[in-house]
Amino acid sequence: MDQRPDAPPASPAFAARPALSHIAFWGVLAAALLPWLFYRIQQVTNSDVLWLCEALTHVFSGATMVDAAYEPNPPLSLLIYTFPVLAKSLLNIPWHYGVFAQTMVFVALSGYAVYALLARSGLFRKDFISVVTAAFILMNTYGVSLFFSERDQMIALGLVPLVLLQAMMTYSRPSAGYLKWPILFFGTMFILLKPHHGLIPALMLLHRVALRRNFSVVKDPDFIALAVGSLFYTAAALYFFPDYVRVILPDVIRLYLPFGEWARVAPLILTAFIASCILMIGMLYTPADKSEQALGLWLILCGLFSLIPYEIQGLGLYYQLIPALSFFGMGYAAALYSWLKALCPNRNPAIPCLVFLSALSFVHAPLIPQYPTHASYKKLPLPQLLARECPKNRRCSFFLNNRNMAMIHEVSYYTGIPHASRFPTLWFQAGLMREKDDSKDFARYSAMVTEDLNKWQPDILVLVRYKDKPEQNFIPYFSRNSDFVRAIKPYKKIKPVKMSYDEYYLGTGESKEFLDYDVYKRTAP
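A brief report on the enclosed structure follows.

So, how was this worked out
Residues numbered from 1 in each chain as written. Predicted model: local features only at pLDDT ≥ 70, side-chain atom pairs only at ≥ 80, totals over all residues. Heavy atoms only, no water. Helix = DSSP H or I, 4+ residues; strand = E, 2+ residues; numbered from the N terminus. Rg over C-alpha atoms; globule rule 2.2 N^0.38 Å. Buried < 20%, exposed > 50% of the residue type's maximum accessible area, 1.4 Å probe, protein only. Areas by Shrake-Rupley, 256 points an atom, 1.4 Å probe, with all protein chains shown as cover. Lys, Arg positive; Asp, Glu negative; His and termini not counted. Charge placed at Lys NZ, Arg CZ, Asp CG, Glu CD. Expected span 1.5 Å × (residues − 1). Phe/Tyr/Trp six-rings, centres within 6.5 Å; stacked < 30°, edge-to-face > 60°. Lys NZ or Arg CZ within 6 Å of the ring centre and 35° of its normal. Disulfide = S-S within 2.5 Å. Axes fitted to C-alpha atoms, helices over the stretch in contact; angles between N-to-C directions. Parallel < 35°, antiparallel > 145°, perpendicular 65-115°, else oblique. Left-handed = near helix turned anticlockwise from the far one by under 90°. Contact = heavy atoms within 4.5 Å. Polar contact = N/O pair within 3.5 Å; in protein donor to acceptor, adjacent residues only side chain to side chain. Salt bridge = Lys/Arg side-chain N within 4 Å of Asp/Glu carboxyl O. Pairing = 2+ DSSP bridges.

### Some thoughts on the overall build of the chain
Alright, step 1. Summing up its helical and strand segments, the chain has 23 helices and four strands in all.
Alright, step 2. The C-alpha atoms of the chain give a radius of gyration of 26 Å, which matches the 24 Å a tight globule of 525 residues would have.
Alright, step 3. The 525 residues of the chain split such that 54% are buried.
Alright, step 4. Approximately 23,900 Å² of the chain is accessible, and the part contributed by carbon and sulfur atoms is 67%.
Alright, step 5. Treating the 47 positive side-chain charges of the chain as one cloud and the 35 negative ones as another, the clouds have centres 4 Å apart.

Here's what the structure looks like:
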């Protein structure tokens with residue numbers, strides 16, 4: 001197939017200008033990323049990532065997930081953070097630096113893969129490819145905001161190159177060469193972090209079946225990679241993590257997944273659908289290169305399909321949108337390039353596009369200079385409380401019962417004080433409260449909570465007080481178990497405290513409402 005020339009050079013001087021323009025483009029992108037890099041490398045790593053590193057540390061020490069890392073997500077969610085955990089264990093590199101370095105490498109490699117695949121297709125102008133790739137990078141730096149390194153970002157970094165490669169296979173574009181198998185490997189691995197994100201790759205395969213009108217797709221590398229990867233992961237989970245498959249997963253399905261917040265999810269999906277339809281109609285009536293127009297429309301369509309896994313999860317969390325936002329960002333960038341090219345056909349729109357996309361990224365996910373840093377976290381109220389109340393003559397531990405995971409593992413990590421529980425948070429309690437008081441599930445989970453109290457004997461308990469649901473409060477709820485009553489007996493309430501999420505997540509718009517917490521101190525050894 002013919003390659004698209006960017007411009008036929010008439011002289012060496014003319015040939016140099018596109019090269020200089022290309023260098024300038026990436027220089028502008030690097031300059032746009034510097035403020036983000038300056039703040040992000042200093043700011044607190046989010047609680048999910050810190051917990052998963054902690055859980056993996058327990059697993060590497062020989063513990064089972066049921067005994068020490070009762071995490072509702074599948075084992076690969078832990079294993080994806082192997083590098084930072086090993087870097088801490090072997091080289092004493094703090095988790096937050098290891099996690100940051102790992103994710104930056106993935107962003108760079110994934111961005112390179114996107115650029116190389118689009119360039120190898122021979123369908124697009126170099127400036128257009130640069131703009132689309134820059135949008136992908138901006139979405140996975142500025143756009144992920146404070147959720148940098150979350151699993152959903154890893155999914156986006158693997159999914160986008162994978163489906164681009166699948167599109168090349170479908171339409172018999174030039175081979176991806178040495179990129180093919182790394183993209184298939186990492187794409188499959190990252191999708192399996194949350195397998196429902198395999199929807200788009202599956203649809204791509206079905207589309208290829210429809211085009212060919214046969215099932216020769218089963219011989220294609222992407223089908224083989226996805227099938228073998230899924231089978232291998234299933235077998236590895238059954239062999240190495242049988243407790244997750246047999247104990248935790250059934251409980252996740254019964255006690256966790258059914259209780260999403262779909263009322264928060266539906267309006268966002270509807271808004272994205274309407275906006276995307278308007279944008280796609282606008283693109284269809286823009287005088288643009290047909291290949292570039294088709295790519296933009298396809299990327300926006302992929303973004304819409306990526307909203308389906310977001311809806312399935314049903315929690316309405318921002319970071320779960322990252323795969324969809326990555327597709328949308330690239331599709332919008334393609335549309336912007338086409339519009340500017342149509343308005344000013346004799347001008348190169350790449351750098352104006354980049355400036356606009358950078359500004360849009362900053363507006364969408366602004367930098368938050370006041371957000372707590374690795375160095376400042378110990379000055380926050382809860383770390384200060386633990387510093388005052390913990391015994392000075394031995395290692396302390398604490399237990400924090402919060403409305404969600406927020407604060408729990410950040411406090412543990414930045415103070416160096418272990419959190420005395422196998423659970424990331426009491427994620428199962430909402431499901432238990434819908435069962436009978438004497439259910440087997442309550443007996444089993446209350447026994448594990450009691451076992452953790454006896455094992456860790458935490459020095460400090462910090463327990464949120466649910467005014468609206470007093471029956472959910474930690475001590476009254478689990479006191480239906482007589483063993484728990486004995487385990488909690490050595491604790492004496494010392495004083496209540498008030499804490500606001502806003503103190504720990506400054507500048508994010510978190511609620512400024514102060515929640516009441518009861519603080520208990522262990523009075524017996």
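Let's pick the thread back up.
### Comments concerning helix α20 (residues 440-456)
Alright, step 1. Between its first and last C-alpha atoms α20 spans 24 Å; for 17 residues at 1.5 Å apiece the expected length is 24 Å, and the two agree.
Alright, step 2. Two residues or fewer after α20 comes Gln457, characterised by a positive phi angle close to 45°.

### Details of the packing of aromatic side chains
Alright, step 1. Following the criterion strictly, the structure yields 37 aromatic pairs and no others.
Alright, step 2. Their ring planes at 75° and their centres at 5.2 Å tell us that Phe106 and Phe190 sit as a pair that is edge-to-face. With Phe106 in helix α6 (residues 95-121) and Phe190 in helix α9 (residues 180-191), this residue pair connects regions lying 84 residues apart in the sequence.
Alright, step 3. On the accessibility criterion, Phe106 (17% relative accessible area) is buried.
Alright, step 4. Looking at Arg480, its charged tip hangs above the ring of Phe442, at a distance of 4.0 Å from the centre.
Alright, step 5. Sitting over the face of the ring of Tyr477, Arg480 holds its NZ or CZ atom 4.6 Å from the ring centroid.

### Topic: the state of the cysteines
Alright, step 1. For the structure shown, the criterion picks out one disulfide.
Alright, step 2. Disulfide partner of Cys390: Cys396, at an S-S distance of 2.0 Å. One quick way to see it: the torsion about the S-S bond of Cys390 and Cys396 is about -60°, and its sign makes the bridge left-handed.
Alright, step 3. Relative accessible area serves as the criterion here: at 8%, Cys390 is assigned to the buried category.
Alright, step 4. For Cys396, a relative accessible area of 8% translates into the label buried.
Alright, step 5. Of all cysteine sulfurs, the one in Cys353 lies closest to Cys344, which takes part in no disulfide; the gap is 11 Å.

### Structural notes on the packing of helix α8 (residues 151-170) against helix α14 (residues 290-313)
Alright, step 1. Interhelical geometry of α8 versus α14 gives an angle of 140° and a closest axis separation of 12 Å. When the axes of α8 and α14 are compared, the pair comes out oblique. For the crossing formed where α8 meets α14, the hand is right-handed. Residues Asp152, Leu159, Val163, Leu164 and Ala167 of α8 touch α14, and the partners they reach there are Leu295, Trp298, Ser306 and Gln313.

### Quick word on the side chain of Thr415
Alright, step 1. With respect to the helices, strands and loops of the structure, Thr415 is situated in helix α18 (residues 408-415).
Alright, step 2. Taking relative accessible area as the criterion, Thr415 reaches 19% and is therefore assigned buried.
Alright, step 3. Engagement of the side chain of Thr415 in a polar contact is seen with the backbone nitrogen of Ile417, the distance being 3.2 Å.
Alright, step 4. With sequence-adjacent residues up to four places away left out, Thr415 is seen in contact with Lys378 and Pro383.

### Focus: the pattern of salt bridges
Alright, step 1. Across all of its chains, the model carries 21 salt bridges by this definition.
Alright, step 2. In this structure, Lys194 engages Asp152 in a salt bridge whose closest nitrogen and oxygen atoms are separated by 3.0 Å. Pair noted here: Lys194 is in the loop between α9 and α10 (199-212) and Asp152 is in helix α8, with a separation of 42 residues, a long-range link.
Alright, step 3. Residue classification places Lys194 among the buried positions, given a relative accessible area of 6%.

### Comments concerning the pairing of strand β2 (residues 460-464)
Each regular strand carries side chains that alternate between the two faces of the sheet.
Alright, step 1. Across the five residues that make up β2, a large majority, five, are buried.
Alright, step 2. Residues Ile460, Val462 and Val464 point to one face of β2 and Leu461 and Leu463 to the other, with burial holding for every one of them.
Alright, step 3. Pairing geometry for strand β1 (residues 398-401) and β2, over four bridges, is parallel. Note that in β2 the partner of Phe398 across the bridge is Ile460.

### What to know about the packing of α14 against helix α15 (residues 322-343)
Alright, step 1. Packing of α14 against α15 leaves a shortest axis separation of 8 Å and a crossing angle of 155°. If you check the angle between α14 and α15, you find them roughly antiparallel. When you trace α14 past α15, the crossing you get is left-handed. Here Glu292, Gly296, Leu299, Ile300, Cys302, Gly303, Leu304, Ser306 and Leu307 of α14 lie close against α15, whose contacting residues are Pro323, Ala324, Phe327, Phe328, Met330, Gly331, Tyr332, Ala334 and Tyr337.

### Points about unusual backbone geometry
Alright, step 1. In this model, Asn92 sits at a positive phi of 60°, which is unusual for a non-glycine residue.
Alright, step 2. Assignment of secondary structure puts Asn92 in the loop between α5 (82-91) and α6.

### Brief notes about the sheet that holds strand β4 (residues 514-522)
Alright, step 1. Judged by pairing direction, the sheet is mixed, and its four strands sit side by side in the order β1-β2-β4-β3 without closing on themselves. The sheet is open, and its two borders are formed by β1 and β3 (491-500), each paired with just one other strand. Geometrically, the sheet is characterised by an average inter-axis angle of 20° between neighbouring strands, direction not taken into account.
Alright, step 2. Two strands pair when backbone bridges link them, and β2 and β4 are joined in this way by five bridges, in the antiparallel orientation. In the sheet register, Ile460 faces β4, and the bridge partner there is Lys521.

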